[in-house]
Amino acid sequence: MAEITTAMIKTLRDATGAGILDCKKALTETNGDPEQATDLLRTQGLASAAKKAGRDTSEGLIGSYVHAGAKVAGIVEVNCETDFVANTDQFKALARDLAMQVVAENPLYISREEVPAEVSDREAAIYREQSLQEGKPEHIVDRIVSGRMDKYYGEICLLEQAFIKDSDLTIEDLLKDNIARLGENIRVNRFSRIAVGD
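Notes on the structure follow.

Reading guide: rules and limits
Chains are numbered independently. Their residues run from 1 in the order of the written sequence. Confidence filtering applies because this is a predicted model: local features only for residues at pLDDT of at least 70, side-chain atom pairs given and counted only at 80 or more, and all residues used for totals across whole chains, interfaces and linings. Hydrogens and waters are ignored; side-chain quantities use all the structure's heavy atoms. Two strands make a pair as long as DSSP finds a minimum of two bridges between them. Put simply, DSSP H or I for four residues or longer makes a helix, DSSP E for two residues or longer makes a strand, and each gets a number counted from the N terminus. Here an angle of 0 to 180 degrees is reported between the N-to-C directions of two axes, which are lines fitted to C-alpha atoms, with helices fitted over the stretch in contact. Each salt bridge in this description consists of a side-chain nitrogen of Lys or Arg and a carboxyl oxygen of Asp or Glu lying within 4 Å of one another. Each residue is placed in one exposure class: buried if its accessible area under a 1.4 Å probe, protein chains only, is under 20% of its type's maximum, exposed if it is over 50%, and partly exposed if it falls in between. Roughly parallel covers angles under 35 degrees, roughly antiparallel covers those over 145, roughly perpendicular covers 65 to 115, and oblique covers all other angles. For this analysis, residues touch if any pair of their heavy atoms sits within 4.5 Å. Residues were grouped as follows: Ala, Val, Leu, Ile, Met, Phe, Trp, Tyr, Cys and Pro as nonpolar; Asp, Glu, Lys and Arg as charged; and all remaining residues, including Gly, as polar.

### Details of the sheet that holds strand 2 (residues 72–80)
Step number 1: In spatial order, the strands read 1-2-5; together these three strands make up an open sheet with antiparallel pairing. Each having just a single partner strand, strand 1 (59–66) and strand 5 (187–195) make up the two edges of the open sheet. This sheet shows a mean twist of 15 degrees between the axes of neighbouring strands, independent of strand direction.
Step number 2: Across eight bridges, strand 1 lies against strand 2 in antiparallel orientation. Residue pairing in the sheet places isoleucine 62 in a bridge with glutamate 77 of strand 2.

This is how it looks when you write it as structure tokens:
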């Protein structure tokens, strides 16, 4: 059993934003392995983030980003539960990252639930027809269409896009990580992207 030092706990706390006792417990459970402890804390944090998802978010701020050359900009309204969290550097950085994401990836909707049925249905019909024309067997066409629709939502829905600073994370993962670290529910309320000439 590895000795859990104060330095190890501090390093893990700095990396994850978790509480001291949670960091010590995670390090103890993982025999002092910082990577496993981080994974454990993230798993626990995501579980607690799911519990916070229904809580009211009436505070927050507007994040903005203007790309070099001032030809394109994005703004995002990000909400949380208290103005205390809204004023933290971490929350402000999240809002700016989300505005940067909007500029870089040009999402059309926040989530797939916002995509109008006629848009989804039209896209699914196109994928179905493509699959049939490619000679795919009828019994697997639905799975192919479902996979292509997931990819489509990953392009047009902000929450499903890969985060531009870490492609292993989706924006939804990024929000859940921040919910776990900040201890409050966080949600994107709306966004806008402005480009010269559009």
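Once the structure has been displayed, the description carries forward.
### A short note on the pattern of salt bridges
Step number 1: Taken as a whole and assessed by the stated rule, the structure comprises eight salt bridges.
Step number 2: In this structure, arginine 128 and glutamate 138 form a salt bridge, with 3.9 Å as the shortest nitrogen-oxygen distance. Placement of arginine 128 in helix 6 (residues 117–133) and of glutamate 138 in helix 7 (residues 138–156) is noted, with a sequence separation of ten residues between them.
Step number 3: Look at arginine 128 and you get partly exposed, because its relative accessible area is 29%.
Step number 4: Overall, glutamate 138 belongs to the exposed group, its relative accessible area being 55%.
Step number 5: Taking the shortest distance from any N to any O, the salt bridge between arginine 128 and aspartate 142 comes out at 2.1 Å.

### A short note on the packing of helix 5 (residues 89–105) against helix 8 (residues 171–182)
Step number 1: One can describe the packing of helix 5 onto helix 8 by two numbers: an axis separation of 11 Å at closest approach and a directional angle of 175 degrees. Taken together, the axes of helix 5 and helix 8 lie roughly antiparallel to each other. For the pair helix 5 and helix 8, contact is made by Gln90, Phe91, Leu94, Leu98 and Gln101 and by Ile171, Leu174, Leu175, Asn178, Arg181 and Leu182, respectively.
Step number 2: In terms of residue class, the contact of helix 5 with helix 8 is made up of seven nonpolar, three polar and one charged.

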